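A look at the structure
Given next are the chains, with one letter for each unit.
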Amino acid sequence: MITSTRAKRNQNMDVEKVFRMTGGTGDNSYAKNSSYQKKVCDMVKHITMDALQQVYLALAPKSLGIADLGCSSGSNSLSIIKDIVESVEAASCKIMIPPPEFRVYLNDLPTNDFNSIFKSLPDFYRDLNKERSGGLPLVFIAGYPGSFYGRLFPNDCLHFVHSSYSLHWLSKVPPSLYDKQGKPINRGSVHISASSPPLVSQAYYAQFQEDFSLFLRSRSEELTAGGRMVLIMLGRIGPDHVDRGNSFYWELLSRSLTILATQGEIKREDIDSYDVHFYAPTKDEMEAEIRREGSFEVERLEMLETEKELYKVSENYGTEVAMTVRAIQESMLSHHFGEGILDTLFEIYGRMVEEEMLKEEMNPITFVLVLRKL
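We now turn to the structure provided with this report.

Conventions used here
Residues numbered from 1 in each chain as written. Predicted model: local features only at pLDDT ≥ 70, side-chain atom pairs only at ≥ 80, totals over all residues. Heavy atoms only, no water. Core = buried A, V, L, I, M, F, W, Y, C linked by side-chain atoms within 4.5 Å. Buried < 20%, exposed > 50% of the residue type's maximum accessible area, 1.4 Å probe, protein only. Helix = DSSP H or I, 4+ residues; strand = E, 2+ residues; numbered from the N terminus. Contact = heavy atoms within 4.5 Å. Pairing = 2+ DSSP bridges. Phe/Tyr/Trp six-rings, centres within 6.5 Å; stacked < 30°, edge-to-face > 60°. Lys NZ or Arg CZ within 6 Å of the ring centre and 35° of its normal.

Re the nonpolar core
One broad rule of soluble globular proteins: the nonpolar side chains tend to lie buried together. Of all hydrophobic cores here, the largest spans 78 residues; its most connected members are I81, L257 and Y349. Broken down by element, this core gets its largest block of residues, 9 residues, from helix α10 (residues 317–337). Setting aside chain neighbours within four positions, we find I81 in contact with I66, V104, L106 and F124. Formed by 36 residues, the second largest nonpolar core is a distinct cluster that contains L167, L170, A203 and L231.

Looking at the pairing of strand β7 (residues 365–373)
Most of β7 sits out of view: 8 of its 9 residues are buried. As paired strands, strand β5 (residues 223–235) and β7 are joined by 8 bridges and run antiparallel to one another. When the bridges of β7 are listed, G235 appears paired with I365. Here strand β6 (residues 296–305) runs beside β7; their pairing, made up of 9 bridges, is antiparallel. For E297, the partnering residue across the bridge sits in β7 and is R372.

Some points on the packing of aromatic side chains
In this description, an aromatic ring pair is defined by two values, namely the gap between the centres and the angle between the planes. Under the definition given, this model contains 18 aromatic pairs. Ring centres of Y144 and F153 lie 4.8 Å apart, and the angle between their planes is 35°; on these two criteria the pair is classed as tilted. You can call F153 buried: its relative accessible area is 4%. Pairing W169 with F278 gives two aromatic rings, centres 5.5 Å apart and planes at 70°, and the pair type is edge-to-face. In this pair, W169 sits in the loop between β4 (158–164) and α6 (198–222) while F278 sits in the loop between α8 (268–272) and α9 (283–293), placing the two residues 109 residues apart along the sequence. Grouping residues by exposure puts W169 and F278 together as buried. Aromatic rings pair up to connect F148, Y149, Y205, F208, F212, F215 and Y279 into one cluster. Just above the ring of F215 sits the side chain of R219; from NZ or CZ to the centre is 5.0 Å. The positively charged end of R244 is found above the aromatic ring belonging to F248, 4.5 Å away from the centroid.

Quick look at the structure:
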């Protein structure tokens, strides 16, 4: 039986109103399925803290403005804030000046489950204040809903920006994935695939250029001179868009949806009109936009080939990956296809991931950028 769907064509979907990580603390929530992201942040913690201390030691502000862009709804954001506070306090002790107050702005789209973060604040403050003999740090935390593809904060109010696993999400599905009659040109695939016409990768790249440039321009107004940004995002090694890295996970989602269509659970035309608003840039593509915008210099750019061992395995690797992707994509998929397909879809997806890993490793690429405001 084909499920009924009230979804409009994907090109008309308002990402800002629909897209979110799955909230709450249930089995399918982002809070329960974001250990991979946390482990990568821990891997690059030394890079993040080094950039932060450079800002603090150079500027020594009495009030330190910090933004976490794309904070989502799990514990990862408050964990990095705790690390930031402790790192700055240690630097203050070394140079024998009082630590600053901390203004912390947690940003995500308006649909984000900010309440789950706010409910965690008492535990956050309790953990922060453990084993302290001196005064407690002044940490003021606020939620800032809105798209980071545009202005969010007043001029020169930030010293440090952190964004983890957010900037590979585009502001919208590239409009030119649809022809003048509104028909999809990337039929049968939810992202760039081997069967995609060249116009598809061109459309995604153009949207990335527009979005990343706007992100940089907006942050250049909000960051004080000498401020830093640490950006952690998915990417790819070379010009080929189709590989066994990040793009392959979307290929497996396309295959999983196609199986549901052959079983009569969804319509093939609904797959044709579903496109993921995701782009994994190369190092050169990122650097080109940074040079073009002109407000930042690249202090550090590192590439990580994240491995299978980063997942905590409860049943098998495929299940862990499927749960992670579900927590990220559930809002968009349920809006387009209906909630009824999700359990079956991700059972199929998990099996496919496991089967592919037995054939050949899949190595998603992560970039870590440190940018200094000129």
